[in-house]
Amino acid sequence: MKITRKDFLRLTGLSFLAVGSMEAARAIAGRGSSVKDSSGNPAKRAVQWGMVVDLRKCQKDKGCTACIQACDSAHNIPQLSDPRHQVKWIWTQPYETVFPYIQNGYAEQSDAGIPVPLMCNHCASPPCVHVCPTQATWKRADGIVMMDWHRCIGCRYCMAACPYGSRSFNWVEPRPHIPHINPDFPTRTKGVVEKCNFCEERLAKGLKPACVDACPEKALVFGNLADPNSEPRKLLRKRFAVQREPELGTGPSVYYLV
Amino acid sequence: MRDRLWILAGLALFVAAITVPFWYVHTPARDLTKIPDITLPVNQKQCVAPVEYMRTSHMKLLMTWRFQVVREGERKYVAFNHKVYNKSLTGTCLGCHNKEQFCDRCHTYAGVSGPYCWNCHNPSPTRAVAAAPETIRPEEDAPNLAQGLSAHLLSQIRHEQPSSFPRSRP
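Thresholds, definitions, all that
Residues numbered from 1 in each chain as written. Chains lettered and ligands numbered in written order. Predicted model: local features only at pLDDT ≥ 70, side-chain atom pairs only at ≥ 80, totals over all residues. Helix = DSSP H or I, 4+ residues; strand = E, 2+ residues; numbered from the N terminus. Buried ≥ 20, exposed ≤ 12 C-beta atoms within 10 Å, placed from the backbone. Contact = placed C-beta atoms within 7 Å. Rg over C-alpha atoms; globule rule 2.2 N^0.38 Å. Pairing = 2+ DSSP bridges. pLDDT = per-residue confidence, 0-100. Expected span 1.5 Å × (residues − 1).

Draft legend 1. Highlighting the overall build of chain B. Along its length, chain B carries 6 helices and 2 strands. The order of α-helices and β-strands along chain B, N terminus first, is α-α-α-β-β-α-α-α. Split into buried and exposed, the 170 residues of chain B put 14% on the buried side. Of the contacts made within chain B by residues no fewer than 6 positions apart, 71% connect residues no fewer than 24 positions apart.

What follows is the structure, encoded as structure tokens:
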């Protein structure tokens, strides 16, 4: 069959058009589905551990650090005075720095300066997991953003990715700075990133996280966010709650009742 | 050939120097049948697996445990004799074994300084580690490498990495 120059050009043009439109269609479809995934619809999971922090109850005793102390001793967290080296799993920050987006005129004055307990949000779509080059951090089926310290190479990409500052790097050998080592839990070593693990080692034994058990006011409520009848879900139905920086689309699993 | 004496003496010295390791190992005073002087647990007779398996493959077992506990949340180990153990280095292994008198002695003997378990894990379920970083003792008994045990152990370690990790991308 003899093909004319005109037919050849026409065929080539049509082929390019077909391939191009296929790519475009795939890109549009792909983006649509990824947006749906990254919004992290929690109903998809059977279990999504989460926490509700009642700031009204938390404020009752302003100097209380029971949750932080419980976590520190349970997880062998080094106590370092240099703020650049500090390791934080649960810590506090003033209200206005935690929720800058709900500062409206004079409205913030009632809560200004109150310490808000902060921890890893165990996001529905965790940015730290997306960037980890060794899969040392990943999201478990029950929603916990877990870390495998054996695999962490200390690149700190996760720290750069986390918008909540929930991750700490061991700049110094932590062992000499742990007041009382809990033999049941490993310490970490220099050059490894660590963060809150929602006490997965306690959950495995059927216990609640150490901070939740330690709180004298029961201001921290832990449970399965995917279960409509769980304690945190009941609280969230009754009261107005906020998450930290929800506009980033990470889907935090820690809610604050303000 | 006036220097014959010097040349022969130098050659003899050279041969002696490069064959020192062989002479050193085969000195009659050295007992090559000596096995590591380890202290066995007193409170238990049976380990989580038969002794032969543990001797050659304990590192594989530990790596499997580590993978299953950390990555899969699977904490119970059903042993060959149907006993159920907690997969825990500190809690289970060191509940019976003593780090210094068992792990360290054999590792030193075999010239295996590799695993850094103790940088993070506690050497005993009841006794917390001293608040100072662990230092690994240098091998004092290097000629025993000739026994081939260390080569065997090293080859085991190289093959213990789990081949696949679960994809974590959501």
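Now, onward.
Draft legend 2. Focus on the overall build of chain A. Each helix and strand counted, chain A has 9 helices and 10 strands in total. In terms of overall size, chain A is more extended than a compact globule, its C-alpha atoms giving a radius of gyration of 23 Å where 258 residues would be expected to give roughly 18 Å. Each principal axis of the C-alpha distribution contributes one length, and for chain A these read about 90 × 45 × 40 Å. With 258 residues in all, chain A has 37% of them scored as buried. Put simply, 65% of the contacts in chain A that link residues at least 6 apart link residues at least 24 apart.

Draft legend 3. Just the sheet that holds strand 9 (residues 241–242) of chain A, in detail. Residue and element names in this part refer to chain A. On the basis of which strands lie adjacent, the open sheet formed by 4 strands has the order 8-1-10-9 and mixed pairing. Looking along the sheet, the strands with just one partner apiece sit at the ends: strand 8 (220–224) and strand 9. Where strand 1 (residues 49–54) meets strand 10 (residues 254–257), 4 bridges bridge the pair, whose relative direction is parallel. Note that in strand 10 the partner of valine 53 across the bridge is tyrosine 256.

Draft legend 4. Quick look at the confidence of the model for chain B. All names here are of chain B. On average, chain B scores 76 in pLDDT, and the residues at 70 or more come to 70%. Taken element by element, the predicted model of chain B shows its lowest mean pLDDT in helix 6 (residues 149–158) (40) and its highest in helix 1 (residues 4–18) (95). Of the regions scoring below 50 in pLDDT, residues 130–170 engages in 53 contacts with residues more than four places distant in sequence or in other chains. The ipTM value of the predicted complex is 0.77, and its pTM value is 0.72.

Draft legend 5. Region of interest: unusual backbone geometry. Residue and element names in this part refer to chain A. Here the phi dihedral of histidine 122 falls at roughly 45°; this positive angle occurs in a residue that is not glycine. Of note, histidine 122 is situated in the loop between strand 3 (115–118) and helix 5 (127–131). A positive phi angle is found at glutamate 245, which is not glycine, with a value near 45°. Examined against the element boundaries, glutamate 245 turns out to sit in the loop between strand 9 and strand 10.

Draft legend 6. Layout of helix 5 (residues 99–110) of chain B. Residue and element names in this part refer to chain B. For helix 5, built from 12 residues, the straight-helix expectation of 16 Å at 1.5 Å per residue is met to within 8% by its first-to-last C-alpha distance of 15 Å. Looking at helix 5, one finds that the buried residues are Lys99, Cys103, Tyr109 and Ala110. Note on helix 5: the residue one or two positions beyond its end, glycine 111, has a positive phi of about 70°.

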